[in-house]
Amino acid sequence: MGTSDEEIDRLLGKLTPRARALLLNGATTWRTRAEPAVGLRELVMSDGPAGVRGEAWDERSTSLLLPSASALAATWDEALVEDLGGLLAAEARRKGVDVVLAPTLNLHRSPLGGRHFECLSEDPELTGRIGAALVRGIQAHGVAATAKHYVANDSETDRLTVDVRVGERALREVYLAPFEAAVAAGVRLVMAGYNAVNGTTMTANALLTDPLKSEWGFDGVVVSDWGAVRGTTDTARAGLDLAMPGPDGAWGEALARAVAEGAVPEPTVDDKARRLLRLAAWLGALGGRDASRSPVPAGPADSPGADGAAVPGPVPGAEGLAGRGPVPGAEGLAGRGPVPGAEGLAGRGPVPGAESFPGRDPAHGAQPSGSRPRRAGDGRALARRAVAAGTVLLANKDVLPLDPEHLGTVAVIGAHAARTRTQGGGSAGVFPQDEVSVLDGIRAELRGRARVVHVPGPRPDGPAPPLDPDACTDPRSGLPGVLLRMLDADGRELYAERRRGGRLLEPRLVPGAHTVEISARLCPRTGGSWSLGVAGFGRMSLTTDGRTLLEGDFPPSTDDPAVVHVNPPAQYATADLTAGRPTLLVARRELAPGTGRATVLVAAPPAPDVTASLAEAARAAGAADAAVVVVGTTEHGESEGYDRTGLALGATQDALVRAVAAANPRTVAVVNSGGPVELPWREQTGAVLLAWFPGQEGGGGLADVLFGHAEPGGRLPTTWPAALADAPVTRTRPDGGRLDYDEGLHLGHRGWLRHHRTPAYWFGHGLGYTTWLYEELTVPPVTRAGDGLTVRVRVRNTGARAGREVVQVYLARPASTLDRPARWLAGYAAVRARPGETVTATVRVPARALRHWSVAEHAWRTEAGPCRVLAGRSAGDVPLAAEMEVVPPASA
C-alpha cells in the first residue's frame, strides 16, 4: 500500500464524515480507534522518556530504565542520545507500542519545578538539540516520538488550569524553540499541554496552527495530554487532531454531532483524520499492511510465573490486567525479529547546529528500513555507559578517581546508597528489569580487593515507602510479597493474586468489583512505633491483626491524573510492633467514580536516633581509607503533579555529609536528585558527584566513574544555586490563576548573568579527570545576517589522563538596542585529547543564534552591528573572546 497523500485521500473517501470524526477520539486509555473499512488498526501509545512502560501499571511487566532526561541532557552528546532513543524504540517494539510519549521539551524555568527530571535543560538550544537527537533515535526504528508538552508547561502547580502569560518574543525565542527543533527533526506527534497560554487553553490555542502547522510545516498529529480536552467545538476548530484517552471525553459522539450540525467544518475534521492516517501509514498500520503490533511473546523470566501466579479463589486472575494478554517479557530488549530502523541504531549524520535546525531525512515520512535490534546485554551496557556520560563531577580535591589497589576499606554511607533513587515520580515511571544501587556497584567493583562497609545513617525526611517484599509475605501462600484481592459489595472474593509489593496502581477490574484489598504479613526487624498507612482516595481502612488503625472517607483533593492514578497521598497511623513477631496488615479501599484504582500499602519502621546514627556513620568513615556518602531527594520531593517548596535535602542529610566529611577528608558526596538541590557542605567534601536519577544501571555506571574506568562526562544542563533565595526565577505558583513569565528571555544562566549573581555551579559546568587550557578562538570577522558561522577553539589537555571536553560558544550583543541576554549559548562541540595534546573544536553557530523575533513585524530579524563571540567551559567561565561584525544580507 502506498503512503502518498493521494492514497491517503482515497482511503479517507471511504469513510463517512461521522466515521472520520469518531477516529479522532481514543478507544481506550492507551489506544486509538481501529477502522476496518480502511485497514486501520489501533495505535498503541506509552509514556516515556526514561523507559517504555506499555499499557499496564504492573510490576511484573518490567522495562529497561534509562537515566532521567536531565541526565541525558547532561551528556551534551547527541550521538549517544540517539543510541538511547534506539533502546527506547526496541523496548516499544517489545511491548507492542507504536508511539512513545517523549521527549519532554519544557524548560527548567525555576529550580522548584517538580518535573525537572523529565525535562532536559534550562536552555532552548541544548534542549532542542538533545530532544531532536532522541526523536531521531526513536523514529529510526519505526516507532513514533512525541514532543511534549506544547507549550510553556514548565511547572506543576495548578498545571491543569494555569494560564501562563508570556511575551511573544520570549515565547518564540525560548519556549517554542525546542519544539521547532523537534519538528525539523521529523517528529511524528506533538502533545498539547493542560495549561493555557495568554488566555487560551493549549488544546484550543491558535499556537497549534501557527507556527506549528503553518510556519514550521508540521504534518504529523497533535495529540492532547490525557484528559486535557474539556470542550468540543473550540478544540475541534483549533489545531488539535486527536483527543486522548478514550472512549469517553469531549470528542467522540459529541464531535460527530458538531460536524453534522455544522458547528465544526467537515474540511477541518478531514485534515485531522488525514494526519492520523498519515501517521498510521508511517507506522505500517494502515491498509492491512501490519495487522497488529503485538508484544513480543513473554519468556519464562517475565511471565507471571511464581510471582504472579493466581492464588486459588473464585475468579483466577494472574494473567495480568483484564484484556491485556500476556505480560511482556523481562528477559531483555527485543531480540526476536527485525526492528524497523536504520542500519543499526540511529545513524550519526552531521551534528545539528548548522544554518537551520537538523534537517529531515530525505525519506521523511516513509517507513524506515529494517535493522538488527540490540540484545538485552547490549541495552544494559549502553544504559551503564550513559550513566557515566551524564554524571557531573561538580568538585574534586584530587580525591577522584579512587584507586582500588590503595584501598583496604571503603565506607559507603546513606540510605540512598542502598536504595538509590533511579527515577522520578509520576506518569513516566516504569518497573525496572533490575536496579543496581550505588552500594551494589561499589561492592561488585571491590569484591575480592577491598572491604566495603555500609552504614545507612539517619533516615531521610519523607513519607513512608510502599511495603517492601523483602519485609513481608503473602498471608495465603507464605511467599514474599502481598495478597491482592478484589471484593464485591458483600465482601465476597472475586479474584486474588500474589503481587510483589504494596504499590498497586491498576488492580484488575472485574464485573462486580467494589473493594480493593491488599494484605500482607509484616515481619518487623525493628520493634517500636511503626508508621503504617494506605494511599488512595475514597473510603479506606487499615487494620493490624484485626484491630482498626484508621478508617474514613478521603475524597480526592485534586483531579490531576498524576496524583489520582499514580501518586495518591497516604493516610497514616502508628502501631507498636515487636521485632520478629509477624503482624497481619489489611488495607481496603472502596472503588468509586473519580477516585481511580491506585491503592498503596505503606510501612516505615521507627526512625533511628539521629545523633547515634551520625556518630556511627562518622566512626565508619574515620576507620575507612575512603568514604562515599550518598544523599538525595525522596519520591514526593520530585514528582509529576507537584512543584517543590524548597531545595534543601533536609537537616539530617546535610548533617550526615558534614559528619562523614569531618571524619575523612577522602569523602565523595554523591547527589541523587533529578534537579538542583542546595549543597551547603560542598566545600567540606573531597569531591561532589552528581548522579541524577541514573536509571537501573546507576550503581554500575557510578562505580565506573568512582574508580576511574570512565571519566565523568556530564556538564550541567541547568544552573545550580547555592541557595534558593539566590535564584532569579522561583515563582511557580499562579496568582489568581495566572503565572506571569516576567523574566522574559532571562531564565536560567541568562537570569543569573542579568542580575549579576553567582550560583554554586554554572550551566555547562563539569569537571573530568584531566585539565584543559583554552588557547585560541578563531571567528570570521564578518558574518551576513541569515548565515551561520564556524567558530574554531583550540584547547590543550594539560593533565595526566586522556579526556573529553565540551567546548561551549556563547554570543553577546552589548551594543544592541534590543533587550538581550548578557550572553546566550550558540553552539557546542566535544573534543577528546591525550595528555599534552592540542585539538581544535569546530563549533557551528546556526543563523538562528543571531536572530531575534520582532514583535512589531511578527517576523524573524537579524540585527546588524558588532557581536562578541565567547568560548569556554561554562556560562560563567568563558576565557576566550573575539569580535565580529554582523552585516545585512546581500541584496537579491
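Computed from a prediction, not measured in an experiment: that's the story for all the values here.

(A) Representation of the overall build of the protein chain. Across its full length, the protein chain carries 19 helices and 38 strands. Counting only residues that meet the buried cut, the protein chain has 63% of its 892 residues in that class. Sequence-distant contacts in the protein chain: of pairs separated by 6 or more residues, those separated by 24 or more amount to 78%.

(B) Highlighting the confidence of the model for the protein chain. Of all residues in the protein chain, 89% have pLDDT values of 70 or greater, and the mean over the chain is 90. The low-confidence segment residues 297-373, where pLDDT is below 50, has 206 contacts with residues more than four positions distant or belonging to other chains.

(C) Fine view of helix α14 (residues 438-446). Those residues of α14 not exposed but buried are Val 438, Leu 439, Gly 441, Ile 442, Glu 445 and Leu 446. One side of α14 carries all its buried residues, which in axial view fall inside an arc of 165°. Buried-residue contacts for α14 involve β12 (409-413), α13 (415-418), β13 (451-455), β25 (626-632) and α18 (698-706). Just downstream of α14, Gly 448 is the residue with a positive phi angle, here 80°.

(D) Structural view of the packing of helix α5 (residues 124-139) against helix α7 (residues 177-184). Running from N to C, α5 and α7 point in directions that differ by 25°, and their axes come no closer than 8 Å. It follows that α5 is roughly parallel to α7 by the angle criterion. As for how α5 packs across α7, the hand of that crossing is right-handed. Between α5 and α7, the residues in contact are Pro 124, Thr 127, Gly 128 and Ala 132 and Ala 177, Pro 178 and Ala 181, respectively.

(E) Looking closely at the sheet that holds strand β33 (residues 824-833). Pairing in this open sheet of five strands is mixed, and the strands run β30-β38-β37-β32-β33 from one edge to the other. With one partner strand each, in any of the chains shown, β30 (782-784) and β33 form the two edges of the open sheet. Averaged over all pairs of adjacent strands, the angle between their axes in this sheet comes to 30°, without regard to strand direction. Here five bridges tie strand β32 (residues 803-812) to strand β37 (residues 865-872), and the two strands are oriented antiparallel to one another. In the strand pairing of β37, Gln 808 is matched with Gly 872.

(F) Representation of the packing of aromatic side chains within the structure. Evaluated as defined, the whole model comprises 10 aromatic pairs. Ring geometry for Trp 57 versus Phe 431: centroids 6.2 Å apart, planes at 85°, classification edge-to-face. You can see Trp 57 sitting in the loop between β1 (45-47) and α3 (69-74) and its partner Phe 431 sitting in the loop between α13 and α14, a full 374 residues away along the chain. Sitting over the face of the ring of Tyr 828, Arg 129 holds its NZ or CZ atom 3.8 Å from the ring centroid. Over the ring of Tyr 495 we find Arg 508, and its NZ or CZ is 4.1 Å from the ring centre.

(G) How the structure looks around the nonpolar core. Met 45, Tyr 150, Val 151, Tyr 175, Val 187, Trp 226 and Trp 251 are the most contacted members of the largest nonpolar core, which totals 127 residues. Here this core gets nine residues from one element, more than from any other, and that element is helix α10 (residues 266-283). Aside from chain neighbours lying at most four places away, what touches Tyr 150 is Leu 176, Phe 179, Val 190, Met 191, Ala 192, Gly 193, Met 202, Leu 207, Leu 208, Pro 211, Leu 212 and Trp 216. Grouped together as the second largest cluster of nonpolar side chains are 31 residues, Ala 621, Val 629, Trp 681 and Trp 692 included.

(H) Highlighting the pairing of strand β18 (residues 515-522). Among the eight residues in β18, seven count as buried, and that is most of the element. Bridge count for strand β14 (residues 472-473) against β18 is two bridges, and the pairing is antiparallel. Residue pairing in the sheet places Cys 472 in a bridge with Leu 522 of β18. As paired strands, strand β15 (residues 482-487) and β18 are joined by five bridges and run antiparallel to one another. Pairing of Leu 483 across the sheet is with Ser 519, part of β18. Relative to strand β23 (residues 583-590), β18 runs antiparallel, the two being bridged by eight bridges.

(I) Molecular detail of the pattern of salt bridges. Counted by the stated rule, this structure contains 55 salt bridges. Put simply, Glu 405 and Arg 449 hold a salt bridge, and the shortest N to O gap is 3.4 Å. Taken as a pair, Glu 405 in the loop between β11 (392-396) and β12 and Arg 449 in the loop between α14 and β13 lie far apart in primary sequence, 44 residues in all. One salt bridge connects Glu 517 with Arg 588, and the closest N-O pair in it is separated by 2.8 Å. Placement of the pair is Glu 517 in strand β18 and Arg 588 in strand β23, with a sequence separation of 71 residues. Residues participating in the shared-partner salt-bridge network are Arg 115, Glu 118, Lys 148, Glu 156, Arg 159, Asp 560 and Glu 640.

(J) Representation of α5 in the model. Helix length check: α5 (16 residues) gives 22 Å between terminal C-alpha atoms against 22 Å at 1.5 Å per residue, within 8%. Most of α5 sits inside the fold, with 16 of its 16 residues counted as buried.

(K) Seen up close, the packing of α14 against α18. At a closest axis distance of 7 Å, the pairing of α14 and α18 adopts a crossing angle of 55°. In terms of axis orientation, α14 runs oblique to α18. The two elements α14 and α18 meet at a crossing, and its hand is right-handed. Contact residues: Val 438, Gly 441, Ile 442 and Glu 445 in α14; Gly 699, Gly 700, Leu 702, Ala 703 and Leu 706 in α18. Of the residues in the contact of α14 with α18, the class split is five nonpolar, three polar and one charged.

(L) Inspection of the sheet that holds strand β29 (residues 772-778) at higher detail. Read from one edge of the open sheet, three strands run β29-β31-β34, paired in antiparallel fashion. Of all strands in the sheet, those with a lone pairing partner are β29 and β34 (838-845), marking the two edges. Here the strands of the sheet are splayed against their neighbours by 25° on average, with no regard to which way each runs. Bridging between strand β31 (residues 789-797) and β34 involves eight bridges; their strand directions are antiparallel. Bridging across to β34, Val 795 finds its partner in Val 839.

(M) Focus on the environment of Gly 865. Residue position: Gly 865 is located in strand β37. Given the relative accessible area of 10%, Gly 865 is considered buried. Through-space distance from the C-alpha of Gly 865 to that of Met 884 is 8.5 Å; in sequence the pair is 19 residues apart. Contact partners of Gly 865, with chain neighbours within four places excluded, come to Arg 813, Met 884, Glu 885 and Val 886.

Rules and cut-offs
- Residues numbered from 1 in each chain as written.
- Predicted model: local features only at pLDDT ≥ 70, side-chain atom pairs only at ≥ 80, totals over all residues.
- Heavy atoms only, no water.
- Helix = DSSP H or I, 4+ residues; strand = E, 2+ residues; numbered from the N terminus.
- Buried < 20%, exposed > 50% of the residue type's maximum accessible area, 1.4 Å probe, protein only.
- Contact = heavy atoms within 4.5 Å.
- pLDDT = per-residue confidence, 0-100.
- Arc of directions from axis to C-beta.
- Axes fitted to C-alpha atoms, helices over the stretch in contact; angles between N-to-C directions.
- Parallel < 35°, antiparallel > 145°, perpendicular 65-115°, else oblique.
- Left-handed = near helix turned anticlockwise from the far one by under 90°.
- Pairing = 2+ DSSP bridges.
- Phe/Tyr/Trp six-rings, centres within 6.5 Å; stacked < 30°, edge-to-face > 60°.
- Lys NZ or Arg CZ within 6 Å of the ring centre and 35° of its normal.
- Core = buried A, V, L, I, M, F, W, Y, C linked by side-chain atoms within 4.5 Å.
- Salt bridge = Lys/Arg side-chain N within 4 Å of Asp/Glu carboxyl O.
- Expected span 1.5 Å × (residues − 1).
- Nonpolar A, V, L, I, M, F, W, Y, C, P; charged D, E, K, R; others polar.

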